[in-house]
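# Structural characterization, general
Chain by chain, the residues:
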Amino acid sequence: MAHVSVMRECHPGMMEYQLESLFMHHTYYYGGCRLMSYTCICACGPNAKILHYGHAGRPNSRLLLPNDMALLDMGAEYHCYASDITCSFPVSGSFTTDQRSIYEAVLNAQIAVIQRLKPGVGWVDMHRVAEREILRGLLACGVLVTGGEEEDVDKVIDTMLDVDLGAIFMPHGLGHFIGIDTHDVGGYLEGHPPRSSRPGLKKLRTARIMEEGMVITVEPGCYFINRLLDGAMQNEKQGRFINVERLRDFRGFGGVRLEDNVVITADGCENLTQCPRSPEEVLDVMNGGQWPPKVDVLPELKRRWAVCKDGAMEMMDVELMHKA
């Protein structure tokens, strides 16, 4: 509910650090969390392309502008256990067409991964699943083109992955183990898959095969980082897929990330994060709508619903939307 509280209070003219303050107050006042799991990242507008923004050198100090996207990566620590959650939303309370296109690409990546997570699945494969959905979204909004390849989109995306184009737009790993520490141990152990040397994949904090009981973050993102984009355009294999004219619309956009904490179960996974995720949920909450909602419009995210009552978490039933 702390992320929801911040979303409801956010508006142009605020400072990034005010969003941080609201989150810290809510988690302590209502949740008894004295400490954060890590320094809050309240990255708005172009700052959202800085993956670990919010440190002493860039202390959440920008003024929020009407056309900004906010990327808020904030988690509280409770009884020594960490949480690590990221929400992205339009500061104005309304998505532009381009903002929604990037947001939905990242959301589709998150859904695709959560739908596939279960024991026996490789984390490297899940990272590729996320990259694939983000590239698909960038093709749909015109930032990327087929580059003279055949029109079969899946085959075009295969070629893009072969030349590491996914790492240009998602230069970090898909997620990490979480528990007593935010970036918990066990990512690379003897007898388990080694770290890849490929761009993007080498940033993964684990290459493990999923096992029941593991708790891991799922945090796909899409960013517009000038240095990476300029390098890709100078790379013949990558540059042929980039629509330079359309890309100009996203210079200074920043980025979008969505991050949930999930536990691997015997036959799938359970999502412990209950933040607004669909564009409709985000806008409804920002305009004062009920949360948790009466109807779960994204049952594919496998969110486990609970509400805090008298200082304790109580499980609750939320109607699932049935889709044709």
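Throughout what follows, the structure given in this document is the object of discussion. (Residues numbered from 1 in each chain as written. Predicted model: local features only at pLDDT ≥ 70, side-chain atom pairs only at ≥ 80, totals over all residues. Heavy atoms only, no water.)

## A short note on a positive patch on the surface
On the surface, a cluster of positive charge is made up of Arg195, Lys202, Lys203 and Arg205. By the secondary structure assignment, Lys202 is in the loop between helix 6 (166-169) and strand 6 (215-218). In this structure Lys202 comes out as partly exposed when scored by relative accessible area, which is 40%. (Patch = residues over 30% accessible without salt bridge, like charges linked within 9 Å, V, L, I, M, F, W, Y side chains within 5 Å. Areas by Shrake-Rupley, 256 points an atom, 1.4 Å probe, with all protein chains shown as cover. Salt bridge = Lys/Arg side-chain N within 4 Å of Asp/Glu carboxyl O. Lys, Arg positive; Asp, Glu negative; His and termini not counted. Charge placed at Lys NZ, Arg CZ, Asp CG, Glu CD. Helix = DSSP H or I, 4+ residues; strand = E, 2+ residues; numbered from the N terminus. Buried < 20%, exposed > 50% of the residue type's maximum accessible area, 1.4 Å probe, protein only.)

## Points about helix 7 (residues 226-233)
Taken together, the buried positions of helix 7 are occupied by Leu228, Leu229 and Ala232. Buried residues in helix 7, looked at end-on, bunch into an arc of 95°, giving them a common side. (Arc of directions from axis to C-beta.)

## A closer look at the sheet that holds strand 3 (residues 69-74)
The sheet built from three strands is open, its strands ordered 2-3-5 with antiparallel pairing. Either end of the sheet is taken by a strand with one partner, and the two such strands are strand 2 (41-44) and strand 5 (85-90). Put simply, the sheet's adjacent strands are angled 10° from each other on average, direction ignored. As judged from the four bridges shared by strand 2 and strand 3, these two strands associate in the antiparallel manner. Across the sheet, the residue bridging to Ala43 is Leu71, located in strand 3. Sitting on the sheet, helix 2 (residues 16-29) touches strand 2 and strand 3, and the angle it makes with strand 2 is about 145°. (Pairing = 2+ DSSP bridges. Axes fitted to C-alpha atoms, helices over the stretch in contact; angles between N-to-C directions. Contact = heavy atoms within 4.5 Å.)

## Side note on the sheet that holds strand 10 (residues 269-271)
Reading across the sheet, the three strands line up as 6-9-10 and stay open at both edges, with antiparallel pairing between neighbours. The open sheet has two edge strands, strand 6 and strand 10, and neither has a second partner. This sheet shows a mean twist of 35° between the axes of neighbouring strands, independent of strand direction. Across four bridges, the pairing between strand 6 and strand 9 (residues 260-264) is antiparallel.

## Regarding the environment of His172
Within the fold, His172 resides in the loop between helix 6 and strand 6. For His172, the contacting residues outside a window of four places in its chain are Leu51, His127, Lys203, Glu219, Pro220, Gly221, Tyr223 and Arg257. Engagement of the side chain of His172 in a polar contact is seen with the side chain of Tyr223, the distance being 2.7 Å. (Polar contact = N/O pair within 3.5 Å; in protein donor to acceptor, adjacent residues only side chain to side chain.)

## Quick word on the pairing of strand 3
Judged by how many residues are buried, strand 3 sits mostly within the fold: six of six residues are covered. Going residue by residue along strand 3, you find Met69, Leu71 and Asp73 tucked away on one face and Ala70, Leu72 and Met74 tucked away on the opposite face as well. The pairing of strand 3 with strand 5 spans six bridges and is antiparallel. Note that in strand 5 the partner of Leu71 across the bridge is Ser88.

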